[in-house]
Every structure is written in structure tokens, then in C-alpha cells.
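Commentary on secondary and tertiary structure
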Amino acid sequence: MANSLLADWDTPFGLPPFDKISEADIVPAFDAALDQARTRIAEIADNPEPPSMVNTIDALELADRDLSRVLSTFYMLVSTNANPALEEMQRAFSPRLAAYSSEITMNAALFARIDALWQARETLDLSDEAARVLMLTRRGFVRSGALLEGADRERLKEVTQRLAVLGTSFTQNLLADERSWSMRLPDKDAKDLPGFLVSAAEGAGREAGTDGPIITLSRSLVVPFLQFSPNRALRKTAWEAWVRRGESGGETDNRAIVTEILALREERARLLGYDNFAAFRLEVEMAKTPEAVRALLMQVWQPARDTALSDAATLTEMLHADGEDGPLQPWDWRYYSEKRRVAEHDLNEAEIKPYLQLDRMIDAVFACANRLFGIEATPIEVPLHHPDARAWEISRNGAHLAVFIGDYFARGSKRSGAWCTTLREQSKLHGDVRPIVVNVCNFAKPSDGQAALLSYDDARTLFHEFGHALHQMLSDVTYQRVSGTSVPRDFVELPSQLFEHWLEVPEVLAEFATHAETGAPMPNDLLERLLAAGTYDMGFQTVEYVASALVDLEYHSGPAPADPMQRQAEILDEIGMPAAIPLRHATPHFAHVFAGDGYSSAYYSYMWSEVMDADAFEAFREAGNAFDAETARRLEDHILSVGGSQEADVLYKAFRGRMPGPEALLRGRGLAA
Ligand SMILES: [Zn+2]
């Protein structure tokens, strides 16, 4: 029988035939697709014809399209429904892919053709997009070492391959630690917790085959537990397990991996002629330099720390009033903060949650996208990668735009966190290819027959990931290389964080936040209190984030530390980290930075993007309407449809008429003086 991954996919919308794919097909498909890509690359490099855009840049763009198809399908499976066999394949593929990509960038004949086109670019009559793709392609080669020779060239290859292996080990250790810990919730403690949390803990217990509710290290369980459990000893136990992920001291300990990653990254940057890794990494970002990043973070750090310290004093009084001695501890913050929220804003998560049904919030997401961009979502029945996932066709004025897949519930076999990915990206180089876009979340799965309920944070995540999806689905460029979210890392969170603002538009919650049991809309006073509490605890949230971003930046903008954990402690000491606030991501489980190169020295990107999203949403406010058609059109024309086909600052200025400053962000977080 033909290999299901390599065959022509005669499926609706060209979706992967998930119902026919067997695990036995994956390795042979990977082998064949990788061989085929290698053959195509060799044909481009050895072409006797003089180089042209078509026979070089365009041909390169298309060379690995079958390999991408196999890999995007495989990554979907291994990230959302892993098992030991799939994980073993991932470990085996990653060094082979690193070797393949360094073969390409180290191919002297191929680089000579690209460089010849680059030197002749003024004479080629290129479109702006094609000229940029040529620049990006050449820059990618140079940054991968195409200009290096001899021993330096060999060493760079080794370093790159080793980094890929280390990143995969880091991720797998983290997943192993997350899976290996759980805490049986004693009945006497369960009765103190809100119903949604007990129900989620029971669900986790059933999935683990345990009798009764358990707390696991899934963020959607452990964070509400820390928020609601009055049992200080249990909070401490759960918190310590949660922050010790990747730092167990056993086989899954990530600390030695981190030390090696940092040293190898520095070596790589120096081989390529940069002072340090951050200087190398940030060159391609909107921020451009470590100094620009540090300046932004420190502008936000001081007001955030002041707010957090004053909040800590209030929470410490509450702790002492409960008869507890000593300082406020990290496992106390969320619990007392929740109590204070209830006291000061008369608002608690348990009161809000019945109104935030997953299905209604998905309707809200689609309704906002419809009012802004005129797109429609129609449910479709197609084979998917897991029974919990669902799919919609996205269209506009009757024309197909994309397929959208949502996979929302947590399970033990799924990587933690939430993300947007694609099974196919938009491009027009080889036919009019429309994207298949996936949002993956880790919301607690309800018991059978009950509605899935979200926290307000979860609802924000839902909007966030759909903002990324819009960036993919509205994409309208020629080259996949600059399509959709293929933009600088510190620009990529603009569409996602901007879309979160529509959750705060009162008419959206008024329409879509309806009670799971009674169907009644959220009462007006609750809605008002919820929105008024929007800036609550922003000191804590900003401090935990900015401190993580500074640790990441400092790790990479000087010599690589011999002892990263000690360096982390020094950095926190230098900035005066409040004792009761832990890092949002401590080093041994800082997957953004160590699972791969995605956010290394670029974790600040979320805040950089927030400066822009706060400022961008003000454009709608200034227009007097959160759904202003003209502003939405400019957003689509200058940002959502054009991907990375121009420099990010040029795109932003085209949309807004100027660059943003941090004022709107500080106001939005309630941190403005
Ligand atoms: Zn995001």
C-alpha cells in the first residue's frame, strides 16, 4: 500500500488524511521526502544555466514542499498526542534536519548563485516582495556561515547540530517532569475549592487512572489551585513541584543542558563575527540591539516593581491576619491576591467562570473577526489528529480563505501552553495555496455532559491564538518565506495581543458571556467589575514577566555564564526582585528560550509587541468604534495580509502614521504614574 504521507492527498481542502496515517508510515515518508529535497537542492546548485530568480530563489522556495508537508503533519501529532514511539522519531529527526539545513547553507555553489543574484539585484527588475525574499535568503545563508571557511565552517556545523539535539532533550525532560508528578487531593481539601476546579481535578484523576481528584503540573490546574486552596502546606507542596520542573536532580535535570546551550550559542555568535549571541540574534528583529531591549524593559520595570512591592505589603498583612507568621511566600501570592480581588473588586474567578463557556467564547472570537474583517466560519466534518479537535472553513464573500482547526483541551500527551501552528501556509508561487491553521490550547476538559468553562485568562488565550490565526488566514503574499506569521519575533505578537483587546469590548462579553446552566447573560454589574479589575495584580504579572525577559537578555548579551543558576540569582539581585514573586519561567523550565532558538534573547518580544498592540488598539478608540471599518481595513492591508514582505517598522508606520511609545502600555497595565 502507498505511504499515506507521501501519496497525493485527495482529501477535503487537502488536509492530511489523519484517519489513514499510520505511525509506520512516518519514518519512510520522512526518509523519502528528505532525499527528494536533497536531490532538488543539488539540481538547483548544479544547474548549468546562469542563475535567475526562477531557477534559484523560486526553486529553493519549492524544493522542500513535500518535506514540509510530512513534517507539519508529524509535529502536529508529536506535540498534541505524543507517545514514546513518536518522541523517539522526533529525537532521531532533529539532528538529521539540522544537518540538512546546514548542508544547504554551506553549499558553496548554491550560495554563489544567490550571491550573484544579490549583486545584480538592481538590474533584475524585482518586485518589492521578491527583492526582500532575495535579501532574506542571502542573509539567512550568511548568518548560517556561508562566508566561513575551513575549520570555522566545520565547527559551526557541529555547534548547530548539537544545539538542535540539546533543545529536543530540554523539551522532553520538561514533559517527563510534568507527567511524573501529581498530588491526590484529600476530600477535606477538595470541599474548600470551587466546583470547576474540583471537576477539572477529577477529570485529571480519571485520565491518570487514579481514584479521585488530583492536582497535576498543568498550568490550568496548578495555578487555580494556588489561587484557591486555603491549605498553605498543600500550596507549598504544589508550588515547589511546579517550579522544580527541569531541576529534579535526576536524569531529567535541565541545568547542565542550559549551561551547554548558552556556551554553544556564544561560540556560534563569535564564529559569525558578533560580540555575543544577543547582538547576533537581535539583528533581524524590529528592536535590532540588546540596548534597545534593555531600555524598554527598564522603563517598565521600575513602575511595575513599585506597584508589586506595595501590593506585597497589603498581602502580607492579610497573611498575618490569618494567624500565619513570617514573610509572604511565593505560594501565598496568588491565594491572597484572589482574596483581595474578591474584597476590593467583589469579584472572584468562580463567579465569572460559569459565564465563560468555551463554545460561546469561540462564537465571540468568530463574531469579532466577522465584524472586523468580514470573514465567516462554517463547521466542517473532516478527519482530524484527535477526537477532541474540531474544524471550520473560513470564507469571505463566499470565497474560501482557510481551514481553521481548534484543539482546545489539555491531555497528558500534549505539550503544555497554547500555540498557533499551520499544516499548510499561504503562498502563490505554485498555485493559489490557502492555509490550514491550527490553534492548540490546554483548557481543562469538563466531565461528560458538562460545558467547558474558561477562566478569564483562558478566554484571553483563546483570543490571542486566534489573532495569530488571523495573521495566517488573511495572508496574501507570493512567497511562503514571508507569509503569515513569518515576521520578526518581536513583531509576531502584535496581531495576537491586539486581538485580545476585543475581549475587553463590553458589548462582546454582554452578548457572548452567558451562564452555562441558566443561559442568562452576565449581569451588568459583574461585567463592569470584571472590566474594572482588568489592571488588577499587574504589578505581579509585569514583574514576573520582565524579570524572566531580563534573565534571558543578560544570559545572552555577555559571556556565557559557567553557572547559569548563580547568574540568574545575581541578575534578580541586581534588579531588586521582590522575594514573594517567582520568575514566570525559571531557567530549568524556560522552554521559550531553551527548547529552541525561537525566543532566545527575545522573550522581551511579548512586551515589545504589547507596546504596539496597546498603541494600535488606541487607533480604534480614536476612531470612536472598536469595530471601525476603515481602521480594520488599514490593519489588514498594512499588517495582517502582508506578513514579513516589508520591514516591521515600515508596516507599523503605514498602519498608524508613526512609531509607538510605552505610554499606552503603562496606562493599559495601570502602571502609569
Ligand atoms: Zn502568541
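Residues numbered from 1 in each chain as written. Predicted model: local features only at pLDDT ≥ 70, side-chain atom pairs only at ≥ 80, totals over all residues. Heavy atoms only, no water.

**Remarks on the state of the cysteines**
Rules: In plain terms, two cysteine sulfur atoms within 2.5 Å form what is called a disulfide here. The cut-offs for exposure are 20% and 50% of the maximum accessible area for each residue type, with area from a 1.4 Å probe on protein chains only; residues under the lower value are buried, those over the upper are exposed, and the others partly exposed.
Going through the model one piece at a time under the given rule, you end up with 0 disulfides. Looking at the unpaired cysteine 368, the closest cysteine sulfur is the one in cysteine 441, lying at 16 Å. Free cysteine cysteine 441: the closest other cysteine sulfur is in cysteine 420, separated by 9.7 Å. For cysteine 441, a relative accessible area of 1% translates into the label buried.

**Describing the nonpolar core**
Applied cut-off: As used here, the term nonpolar core means buried Ala, Val, Leu, Ile, Met, Phe, Trp, Tyr and Cys residues forming a set that is joined through side-chain atoms within 4.5 Å.
Core analysis: the biggest nonpolar cluster contains 131 residues, and Met361, Phe466, Phe499 and Trp502 have the highest contact counts within it. Counting residues in hydrophobic clusters, the runner-up holds 58 residues, among them Leu15, Phe18, Ile57 and Leu117.

**Here we look at the packing of helix H1 (residues 23-45) against helix H5 (residues 108-119)**
Convention followed: All axes here are fitted lines through C-alpha atoms, helices being fitted over the stretch that makes contact, and every angle between N-to-C directions spans 0 to 180 degrees. A helix here means a DSSP run of H or I that spans at least four residues, while a strand means a run of E at least two residues long, and both kinds are numbered starting from the N terminus. Angle categories are assigned with fixed cut-offs, so that under 35 degrees is roughly parallel, over 145 is roughly antiparallel, 65 to 115 is roughly perpendicular, and the rest are oblique. Left-handed describes a crossing whose near helix is turned anticlockwise from the far helix by less than a right angle; the clockwise case is right-handed. A contact between two residues is defined here by any heavy atoms of the two lying within 4.5 Å. Ten residues, namely Ala, Val, Leu, Ile, Met, Phe, Trp, Tyr, Cys and Pro, are considered nonpolar, four, namely Asp, Glu, Lys and Arg, are considered charged, and the remaining ones, Gly among them, are considered polar.
Running from N to C, H1 and H5 cross one another at 55°; their axes reach a closest spacing of 8 Å. In this view, H1 runs oblique relative to H5, as classed from their interaxial angle. The handedness of the crossing between H1 and H5 is left-handed. Here Ile41, Ile44 and Ala45 of H1 come into contact with H5, specifically with Ala109, Leu110 and Arg113. Among the residues forming the contact of H1 with H5, the class breakdown is 5 nonpolar, no polar and 1 charged.

**Focus: the pairing of strand E7 (residues 436-443)**
Quick note on the threshold: At least two bridges found by DSSP between two strands is the condition for calling them paired.
Counting buried residues in E7 gives 8 out of 8 residues, a clear majority hidden from the surface. Going residue by residue along E7, you find Ile436, Val438, Val440 and Asn442 tucked away on one face and Val437, Asn439, Cys441 and Phe443 tucked away on the opposite face as well. Where strand E5 (residues 399-409) lies against E7, 6 bridges are found, and the strand directions are parallel. Within E7, the residue paired with phenylalanine 409 across the bridge is phenylalanine 443. As paired elements, strand E6 (residues 419-424) and E7 share 5 bridges and run antiparallel to each other. When the sheet's bridge partners are listed, tryptophan 419 is paired in E7 with valine 440.

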